[in-house]
Amino acid sequence: MTAVDPRPLIGEPVSLDLLNTRWNVEGVRQDLLTDTDGLAVWLAANGLEGRFTADATTLRHTLAARDALASLVDRPGDPAATARVDAVLDHGRIRATLTTEGPGEEAEFTDPTWGPAWTAARDYLDLLRTAPDRIRACAHEACILHFFDTSRNGTRRWCSMAACGNRAKASRHYARTKDR
């Protein structure tokens with residue numbers, strides 16, 4: 001049985017969900033991926049638990065992908081960050097298939113322990129193809145979470161309006177009333 005996911009933001013695309021395995025609680029950094037139990041929670045949250053094993057090698061590779069993606073999100077277009085993500089992508093490929101339903105694709109890995117890492121890196125490429133300008137970091141200064149803005153007009157600023165958005169509004173309100 002997998003433990004409950006403690007993260008404040010879940011359900012983002014797998015690449016951003018991997019970045020969101022680190023978050024802040026009252027200024028203290030939290031990290032879901034400190035051990036294989038945390039990896040099992042993350043795999044389950046992304047529907048990957050049946051395909052990949054939460055072992056030490058898979059954890060090490062998944063952490064490498066998280067660090068590579070974080071550096072690329074922080075510095076889009078940076079050649080070193082791009083090379084790090086490319087290095088993760090070197091461990092897998094998409095194979096075209098034909099099924100009874102028609103054409104399909106199947107991921108293949110040089111080593112299955114790279115599967116979750118490769119899957120997250122590949123997902124990031126899909127987000128870049130779809131709408132790179134909608135890959136966002138939360139606007140709250142104390143938040144380190146990321147999200148894919150699916151709002152109609154593309155103006156979402158907060159990882160969660162209930163959490164970070166509300167804190168920002170309360171802070172602005174406090175500043176206005178304090179000056180009176």
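The structure reproduced in this document is the subject of the present report. Computed from a prediction, not measured in an experiment: that's the story for all the values here.

## With respect to the layout of surface pockets
Roughly 200 Å³ of volume is contained in the second largest pocket. Lining the second largest pocket are 13 residues, with Leu72, Pro76, Gly77, Tyr124 and Leu128 positioned closest to its centre. If you list the elements that add at least two residues to the lining of the second largest pocket, you get helix H3 (56-74), helix H4 (79-89) and helix H5 (115-130). By residue number, the principal contributor to the lining of the second largest pocket is H4, which donates four residues. For the lining of the second largest pocket, the class distribution of residues is ten nonpolar, two polar and one charged.

## What to know about the pattern of salt bridges
Pairing between side chains of opposite charge can happen when the charged atoms of each approach one another. For the structure shown, the criterion picks out twelve salt bridges. Of the charged contacts in the structure, one is a salt bridge between Glu12 and Arg156, with a shortest N-O distance of 3.9 Å. Here Arg156 lies in the loop between strand S6 (146-148) and helix H6 (161-179) and Glu12 lies in the segment before helix H1 (14-19), a separation of 144 residues in the sequence. Classification of Arg156 as partly exposed rests on a relative accessible area of 24%. The shortest N-O distance in the salt bridge between Arg93 and Glu108 comes to 2.6 Å. Of the two residues, Arg93 is situated in strand S3 (residues 92-99) and Glu108 in strand S4 (residues 102-109); the sequence distance between them amounts to 15 residues. Look at the salt bridges and you will find they share partners, linking Arg93, Arg95, Glu106 and Glu108 into a network.

## Re helix H2 (residues 36-45)
Burial in H2 covers these residues: Gly38, Leu39, Val41, Trp42 and Leu43. Looking at the packing, one finds that the buried side of H2 touches H1, H3 and H5. The N-capping residue of H2, defined by a side-chain oxygen 3.2 Å from the backbone nitrogen of Asp37, is Asp35. Phi turns positive, to about 70°, at Gly47, one or two residues after H2.

## A few points about the packing of aromatic side chains
Within this structure, the stated rule accounts for two aromatic pairs. With a centroid separation of 5.6 Å and 70° between ring planes, the pair formed by Phe52 and Phe109 is classed as edge-to-face. With Phe52 in the loop between H2 and H3 and Phe109 in strand S4, this residue pair connects regions lying 57 residues apart in the sequence. For Phe52, a relative accessible area of 8% translates into the label buried. A ring pair is formed by Phe109 and Trp118, whose centres lie 5.4 Å apart and whose planes are at 75°; its orientation type is edge-to-face. Taking relative accessible area as the criterion, Phe109 reaches 21% and is therefore assigned partly exposed. Seen from the ring of Phe147, Arg156 lies directly overhead, with NZ or CZ sitting 4.0 Å from the centre.

## Looking at the packing of H3 against H4
Viewed as axis vectors pointing N to C, H3 and H4 meet at an angle of 150°, and their least axial separation amounts to 8 Å. As H3 packs across H4, the resulting crossing turns out to be left-handed. From H3, Ala65, Asp67, Ala68, Leu69, Ser71 and Leu72 reach across to H4, where they touch Ala81, Thr82, Arg84, Val85 and Val88. Across the contact of H3 with H4, the residue classes tally to seven nonpolar, two polar and two charged.

## Quick notes on the packing of H2 against H3
Their axes nearest at 10 Å, the elements H2 and H3 cross at an angle of 70°. Judged on the interaxial angle alone, H3 and H2 are roughly perpendicular. Considering only the axes of H2 and H3, their crossing is left-handed. Together, Thr36, Leu39 and Trp42 of H2 and Ala56, Thr58, Leu59 and Thr62 of H3 make up the contact between the two elements. Class assignment for the residues of the contact of H2 with H3 results in four nonpolar, three polar and no charged.

Basis of the calculations
Residues numbered from 1 in each chain as written. Predicted model: local features only at pLDDT ≥ 70, side-chain atom pairs only at ≥ 80, totals over all residues. Heavy atoms only, no water. 1 Å grid on protein atoms, 1.4 Å probe; cavity = no way out; pocket = protein on both sides within 12 Å on 5 of 7 lines; lining within 4 Å. Points joined across faces, edges and corners; volume = space filled by probe spheres on them. Helix = DSSP H or I, 4+ residues; strand = E, 2+ residues; numbered from the N terminus. Nonpolar A, V, L, I, M, F, W, Y, C, P; charged D, E, K, R; others polar. Salt bridge = Lys/Arg side-chain N within 4 Å of Asp/Glu carboxyl O. Buried < 20%, exposed > 50% of the residue type's maximum accessible area, 1.4 Å probe, protein only. Contact = heavy atoms within 4.5 Å. Polar contact = N/O pair within 3.5 Å; in protein donor to acceptor, adjacent residues only side chain to side chain. Phe/Tyr/Trp six-rings, centres within 6.5 Å; stacked < 30°, edge-to-face > 60°. Lys NZ or Arg CZ within 6 Å of the ring centre and 35° of its normal. Axes fitted to C-alpha atoms, helices over the stretch in contact; angles between N-to-C directions. Left-handed = near helix turned anticlockwise from the far one by under 90°. Parallel < 35°, antiparallel > 145°, perpendicular 65-115°, else oblique.

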